[in-house]
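Listed below, chain by chain, are the residues.
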Amino acid sequence: MNNITYLSGKEVSDFVYRDIKKRIRLLDKKKIIPSLAVILIGDNQASELYVRSKTKTFKKLNLHSKIFKLSETTSEKKILNLIYEINKNSYFHGLLIQLPLPNHIDKEKVVFSINPEKDVDGFHPINAGLLSVGRPNFIPCTPKGIMKILEYYKVNLNGKNVVVLGRSNIVGRPISILISSKTKYANATTTICHSGTLDIKKFTRNADVVIVALGIPGFLKADMVKNNSIIIDVGINRIKDQSSKGYSIVGDADLLDLKKKTIDITPVPGGVGPMTISMLVENTVESAEKYCARSSAG
Ligand code: NAD
């Protein structure tokens, strides 16, 4: 018997694109086309794939995106100069730097140099700070997408025990801020587990919802969760296999093992991934709207 119910992120993203398209049409009437600049450094295959699928989505929606591809050995100074130019260029409403960066580049220096008004990834400390005081400007795409999944499937976290596995600035930390906020679909009692947590199972076993963002394939097993819990699997891991591609993409949850329990779970692929891309589009549209409002005010 299969006790797993899948919470499709693809379905949620199709739903949110309907609203985003209306907003794009309104901007179009004002002759504004949301435009995104993407800086891609080095030859990381996974990064190239992510960037391609982001820009493909922009193209499908008739939005603009431009990839600035730089070699692995590009100096930090050259990258900072490029960011400075894009910050100034009113053609671009959004700027993202695809992570990870080569080792010789200071990630903080690079991310901190993005104009917060164009920071559609929401990684700049000004935007991270605004999120943490409950005044969000740009919310990081993956956590924002997870909130939309919860809302779409009417998972109200009010009073629930939620365990977040992972504390990165991209996923774990911002999602824990969002779900613990006193807002609609949130207000959860939130526990964050990480590499310093001694007995993760002790926490996940009591969780109504587990959000797993570790980057460890098959980490979350049946004996770690209770029946009728909801699992948001953020992990994207490439594992070698015998397929024609030579690899497949799996999450952080061990689906085969989890079949022993009755759970709802976001699939990988087709869960959180499509939501991350749709939220990048939404944030870029939001940035274009803000630009439009600033221009007409000033
Ligand atoms: P990260 O490497 O920055 O953070 C991983 C976190 O896991 C860290 O906080 C670390 O403390 C914790 N951790 C590592 N090993 C652990 C262990 N053994 N026990 C407990 N905690 C441990 O990763 P990230 O950027 O947050 O990404 C996590 C995963 O999510 C990756 O697979 C990444 O590819 C994926 N991801 C997916 C999307 C998407 O759109 N679906 C977006 C971003 C990241």
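Preceding this paragraph is the structure being described.
In this text, all values refer to a predicted model and were calculated from it rather than measured experimentally.

## What to know about the sheet that holds strand S6 (residues 189-193)
Here six strands make up an open sheet; going across it, the order is S1-S11-S8-S7-S5-S6 and the pairing parallel. Edge positions in the sheet fall to strand S1 (4-6) and S6, since each has one partner strand and no second. Put simply, the sheet's adjacent strands are angled 20° from each other on average, direction ignored. Summarising the sheet, strand S7 (residues 209-212) and strand S8 (residues 229-233) pair through four bridges and their orientation is parallel. Within S8, the position partnered with isoleucine 211 by the bridge is isoleucine 232. Together, strand S5 (161-165), S6 and S7 form the strand contacts of helix H7 (residues 172-180), whose direction differs from that of S5 by roughly 170°.

## Some details on the pattern of salt bridges
Per the counting criterion, the structure on display carries 17 salt bridges. In this structure, aspartate 254 engages lysine 221 in a salt bridge whose closest nitrogen and oxygen atoms are separated by 2.9 Å. Taken as a pair, aspartate 254 in the loop between strand S10 (247-250) and helix H9 (255-258) and lysine 221 in the loop between S7 and S8 lie far apart in primary sequence, 33 residues in all. Since its relative accessible area comes to 32%, lysine 221 is described here as partly exposed. Ionic pairing is found between lysine 260 and aspartate 257, a salt bridge with its closest N-O pair at 2.5 Å. You can call lysine 260 exposed: its relative accessible area is 63%. One continuous salt-bridge network, built from bridges that share partners, spans Asp19, Arg23, Lys144, Lys148, Glu282, Glu286, Glu289 and Lys290.

## Thoughts on the pairing of S5
Each regular strand shows side chains that alternate between the opposite faces of the sheet. Counting buried residues in S5 gives four out of five residues, a clear majority hidden from the surface. The pairing of S5 with S6 spans five bridges and is parallel. Across the sheet, the residue bridging to leucine 165 is cysteine 193, located in S6. Pairing analysis gives four bridges linking S5 to S7, with the strands arranged parallel. Counterpart to valine 164 in the pairing with S7 is isoleucine 211.

## So, the site of the ligand
The ligand sits among 19 residues. The nearest are Arg167, Ser168, Val234, Ile236 and Thr276. A distance of 3.1 Å separates a nitrogen atom of the ligand from a polar backbone atom of serine 195. Here the ligand, which alone exposes 860 Å², has 70% of that area covered by the protein. Per-element accounting of the shell around the ligand gives the leading share, three residues, to helix H10 (residues 272-297). The residue makeup of the shell around the ligand, split by class, is eight nonpolar, ten polar and one charged.

Definitions and limits used
- Counting restarts for each chain, with residues numbered from 1 along the sequence as it is written.
- In keeping with the predicted nature of the model, local features appear solely for residues at pLDDT of at least 70, side-chain atom pairs appear and are counted solely at 80 or more, and the whole-chain, interface and lining totals rest on all residues.
- As a rule here, side-chain values cover all heavy atoms of the structure and leave hydrogens and water aside.
- In short, DSSP must find at least two bridges between two strands for them to pair.
- The way it works is that DSSP assigns letters per residue, a run of H or I at least four long becomes a helix, a run of E at least two long becomes a strand, and they are numbered from the N terminus.
- Here an axis means a line fitted to C-alpha atoms, over the contact stretch when the element is a helix, while the angle between two N-to-C directions is reported on a 0 to 180 degree scale.
- Every residue pair with non-hydrogen atoms within 4.5 Å of one another is taken to be in contact.
- By salt bridge we mean one thing: a side-chain nitrogen of Lys or Arg within 4 Å of a carboxyl oxygen of Asp or Glu.
- Throughout, exposure labels follow a simple rule: accessible area from a 1.4 Å probe, protein chains only, divided by the maximum for the residue type, with under 20% read as buried, over 50% as exposed, and the rest as partly exposed.
- It suffices for a single heavy atom of a residue to lie within 4 Å of a molecule or strand for the residue to be listed as near it.
- As used in this structure description, the phrase polar contact means that two N or O atoms lie within 3.5 Å; if the pair is within protein, one of them must be able to donate a hydrogen and the other to accept it, and residues adjacent in sequence are counted only when both atoms belong to side chains.
- Accessibility throughout is a Shrake-Rupley quantity obtained with a 1.4 Å probe, and a residue counts as covered only by protein chains that appear here.
- The residue classification treats Ala, Val, Leu, Ile, Met, Phe, Trp, Tyr, Cys and Pro as nonpolar and Asp, Glu, Lys and Arg as charged. All others, Gly included, are polar.

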